[in-house]
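Here is how the chains run, residue by residue.
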Amino acid sequence: MDLLYLEVRRAADVLWAMEEALGCPALAHVIGEVWGDPPALDFTATKRLALRSERSGMQAWLFRRAARTDLSAARERWHVSALPSPPMPDDLRAPGAPIWQAELFRARGRMPGRWVARHDTANGRLVMGHHIPAPDPAPPLRALG
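Residues numbered from 1 in each chain as written. Predicted model: local features only at pLDDT ≥ 70, side-chain atom pairs only at ≥ 80, totals over all residues. Heavy atoms only, no water.

## Quick look at the confidence of the model for the chain
Right, on to step 1. Taken as a whole, the chain shows an average pLDDT of 87; of its residues, 88% reach a score of 70 or greater.
Right, on to step 2. The least confident element of the chain, judged by mean pLDDT, is strand β6 (residues 125-133) at 76; the most confident is helix α1 (residues 11-21) at 96. (pLDDT = per-residue confidence, 0-100. Helix = DSSP H or I, 4+ residues; strand = E, 2+ residues; numbered from the N terminus.)

In structure tokens:
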């Protein structure tokens, strides 16, 4: 697998690079990472990425680390966090393979829910299992009076 890696300092440059990469037919996927809540990452920027991704047919992932859950045009919104690793089979005091909780909290055409995810080293894939459906939304409040 070939990989093209680009490192830039400003969030605006990450967004620009992602948008340009989504227009390149030689690439298969585009991944970007932004720290915090930079002003450049507003609804308009995420809408541009979503539209460009749909137009090109190429998947794009934007990882936001140490950020608030803000307004976004992303077609799916996930929250991923680490879970305690199971012990190693050969040494019960040593941590085993990493596992994560992946929560889909917003999606178009897909039900929200939570999964436990792990990396399958045998085939190099991320395996999602143990689906926990999202709770039903609370009924709307009615005014008393």
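## Re the side chain of serine 72
Right, on to step 1. Positionally, serine 72 belongs in the loop between β2 (59-65) and β3 (76-83).
Right, on to step 2. For serine 72, a relative accessible area of 9% gives the class buried.
Right, on to step 3. A polar contact is formed between the side chain of serine 72 and the backbone nitrogen of alanine 74, at a distance of 3.0 Å.
Right, on to step 4. Setting aside anything within four residues of it in sequence, one finds serine 72 in contact with Phe43, Thr46, Arg77 and Arg106. (Buried < 20%, exposed > 50% of the residue type's maximum accessible area, 1.4 Å probe, protein only. Polar contact = N/O pair within 3.5 Å; in protein donor to acceptor, adjacent residues only side chain to side chain. Contact = heavy atoms within 4.5 Å.)

## Re the pattern of salt bridges
Note that side chains of opposite charge can pair when their charged atoms are close.
Right, on to step 1. Scanning the entire structure with this criterion turns up 11 salt bridges.
Right, on to step 2. A salt bridge links arginine 65 to glutamate 33; the shortest N-O distance between them is 3.2 Å. One end of the pair, arginine 65, is in strand β2; the other, glutamate 33, is in strand β1 (residues 29-35), with 32 residues separating them in the sequence.
Right, on to step 3. The exposure class assigned to glutamate 33 is partly exposed, which follows from its relative accessible area of 37%.
Right, on to step 4. The partner of aspartate 70 in a salt bridge is arginine 68, with the nearest N and O atoms 3.4 Å apart.
Right, on to step 5. Salt bridges sharing common partners tie together Asp37, Arg64, Arg68 and Asp70. (Salt bridge = Lys/Arg side-chain N within 4 Å of Asp/Glu carboxyl O.)

## Focus: the nonpolar core
Right, on to step 1. Membership of the largest hydrophobic core is limited to 12 residues, which are Ala11, Val14, Leu15, Met18, Ala21, Leu22, Val30, Val34, Leu41, Ala45, Leu49 and Met58.
Right, on to step 2. Mapped by element, the contributors of at least two residues to this core are α1, β1 and α2 (43-56).
Right, on to step 3. Of the residues forming this core, the biggest block, five residues, is contributed by α1.
Right, on to step 4. In contact with valine 34, not counting residues within four places along its chain, are Ala11, Val14, Leu41, Leu62, Phe63, Arg64 and Arg65. (Core = buried A, V, L, I, M, F, W, Y, C linked by side-chain atoms within 4.5 Å.)

## Brief notes about the packing of aromatic side chains
Right, on to step 1. Enumeration over the complete set of coordinates arrives at one aromatic pair.
Right, on to step 2. With centroids separated by 5.5 Å and ring planes inclined at 45°, the aromatic side chains of tryptophan 78 and tryptophan 115 adopt a geometry described as tilted. With tryptophan 78 in strand β3 and tryptophan 115 in strand β5 (residues 113-120), this pair connects stretches of sequence that are 37 residues apart.
Right, on to step 3. Classification of tryptophan 115 by relative accessible area gives buried; the value is 13%. (Phe/Tyr/Trp six-rings, centres within 6.5 Å; stacked < 30°, edge-to-face > 60°.)

## Side note on the packing of α1 against α2
Right, on to step 1. Viewed as axis vectors pointing N to C, α1 and α2 meet at an angle of 15°, and their least axial separation amounts to 9 Å. Accordingly, the angle class assigned to the pair α1 and α2 is roughly parallel. The crossing of α1 and α2 is left-handed. Facing α1, whose interface residues are Leu15, Met18, Glu19 and Glu20, α2 presents Ala45, Arg48, Leu49 and Arg52.
Right, on to step 2. Here the residues of the contact of α1 with α2 sort into four nonpolar, no polar and four charged. (Axes fitted to C-alpha atoms, helices over the stretch in contact; angles between N-to-C directions. Parallel < 35°, antiparallel > 145°, perpendicular 65-115°, else oblique. Left-handed = near helix turned anticlockwise from the far one by under 90°. Nonpolar A, V, L, I, M, F, W, Y, C, P; charged D, E, K, R; others polar.)

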